[in-house]
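Here are the chains, one letter per residue:
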Amino acid sequence: MSPEVWSAEMVLGMFNSYQPACVLAAAVDWDIFSILADAPLSAQDLAHRLGLDSRPVAVLLDSLTAQHLLIKENTLYRLPAGIDDLLVESSPHNILPILRHQTNCLRRWVQLPQVLKTGSPAEHLPSVRGPAADQAAFIGAMHGINESAAPAIIAELGNWNFHHLLDIGGASGTWTIAFLQAAPAARATLFDLPEVIPLARRRLTQAALADRVNLVGGDFYRDALPTGADLVWLSAITHQNSRDQNRDLFAKICAAVPSAGRLLIRDIVMDNSRTQPVRGAMFAVNMLVATEGGGTYTFDEFKADLLAAGFTDITLLRRDNFMNSIISAVKP
């Protein structure tokens, strides 16, 4: 809710929120909480473990302590209750992939003034963990965000009575798993970049569903899509594309499915003002700094692009305040 009158304190309070985020970002990139889970350490001993200088490590640890993310007793730092469940690598409930992905986003967001000047996305700056770890964090973050939501949303959509699902850009298989659990007789094809396929195979094997899924490596911008599916799931893909790219992708999907095949798009759907939902308006900035032409789109824009690609019967099945709006389209 917007305040009736803004004050300097309000503006500065909002602006200064970057500081604790940056401190936590540094800690999770260096996996400090996982190390302290083994035993309390001094700043000097922790710096030695990490191969870092002890002075900046001590400053970081004191800042984490000031935010109650650590407890300092004399010269030793230890974890407070609950942090081990959230920020330690070995915990099955940890949110480290999400935080590391957000840290990667943060490196792009600070370049926003330059993006406005050049009209080009921000320079990609890998974390101290390296590009491969950054990609794994992104895939893990998408799983963490969607794992609990996916079954409920699919149940809400009802029974589409599909036989074969094509999950385009399916990452590690979170939505494929939920669809197949909801439709025990169905099969699926998961299509994503070749380097992502091993992550999908691992998660599908853990879910005891690997024998019902074809894993196909490829790039949907350049490669033909697998055929034979009567239901296509396009989840959180359209926002990374320009409208022209989406039209091309929709046309490619239309060509790959049989008559009466259905496409379900999960993504942000903006109102006509482009200011609501609020998280969608902010996510458009994320796409501005991260992609050449991506953004967030209105239902009318989705509908026009789907019609141009050959789809009909385009409906908004579910409206959400962020990424879980769902649009349905049918190939005539």
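Up top you'll find the structure we're talking about.
Fair warning: this is a prediction, and the values are worked out from it, not measured in the lab. (Residues numbered from 1 in each chain as written. Predicted model: local features only at pLDDT ≥ 70, side-chain atom pairs only at ≥ 80, totals over all residues. Heavy atoms only, no water.)

Trainee: I'm lost on the packing of aromatic side chains in this one. Help?
Mentor: In this description, an aromatic ring pair is defined by two values, namely the gap between the centres and the angle between the planes. The final tally for this structure, using the stated rule, is seven aromatic pairs. Ring centres of W175 and W233 lie 4.9 Å apart, and the angle between their planes is 45°; on these two criteria the pair is classed as tilted. A residue pair is termed long-range when its members are at least 10 positions apart, and W175 in helix 11 (residues 174-182) and W233 in strand 7 (residues 231-235) qualify at 58 residues. Here W175 and W233 have matching classes, each one buried. Aromatic side chains F179 and W233 sit 5.0 Å apart centroid to centroid with 70° between the ring planes, which places their arrangement in the edge-to-face category. Placement of the pair is F179 in helix 11 and W233 in strand 7, with a sequence separation of 54 residues. An aromatic cluster is present here, built from F162, W175, F179 and W233 joined pairwise through their rings. A cation over a ring is seen here: R279 above F322, with NZ or CZ 3.9 Å from the ring centre. (Phe/Tyr/Trp six-rings, centres within 6.5 Å; stacked < 30°, edge-to-face > 60°. Helix = DSSP H or I, 4+ residues; strand = E, 2+ residues; numbered from the N terminus. Buried < 20%, exposed > 50% of the residue type's maximum accessible area, 1.4 Å probe, protein only. Lys NZ or Arg CZ within 6 Å of the ring centre and 35° of its normal.)

Trainee: For this particular structure, what's the right way to read the pattern of salt bridges?
Mentor: Pairs may arise between side chains of opposite charge once their charged atoms sit close together. Using the criterion set out here, one finds twelve salt bridges in the structure. When the shortest N-O distance is used, the salt bridge between R243 and D305 registers 2.9 Å. One end of the pair, R243, is in helix 13 (residues 243-256); the other, D305, is in helix 15 (residues 299-309), with 62 residues separating them in the sequence. Judged by relative accessible area, which is 3%, D305 ranks as buried. In the salt-bridge network here, residues are joined through shared partners; they are R243, R247, R274, E301 and D305. (Salt bridge = Lys/Arg side-chain N within 4 Å of Asp/Glu carboxyl O.)

Trainee: Would you mind showing me how to read a nonpolar patch on the surface here?
Mentor: Among the surface-exposed residues, W6, M10, V11 and M14 lie close enough to one another that they form a single nonpolar patch of about 410 Å² accessible area. Checked against the element boundaries, V11 lands in helix 1 (residues 8-15). V11 gets classed as partly exposed once you look at its relative accessible area, which sits at 38%. (Patch = residues over 30% accessible without salt bridge, like charges linked within 9 Å, V, L, I, M, F, W, Y side chains within 5 Å. Areas by Shrake-Rupley, 256 points an atom, 1.4 Å probe, with all protein chains shown as cover.)

No statement about biological role is implied by the geometric values presented.
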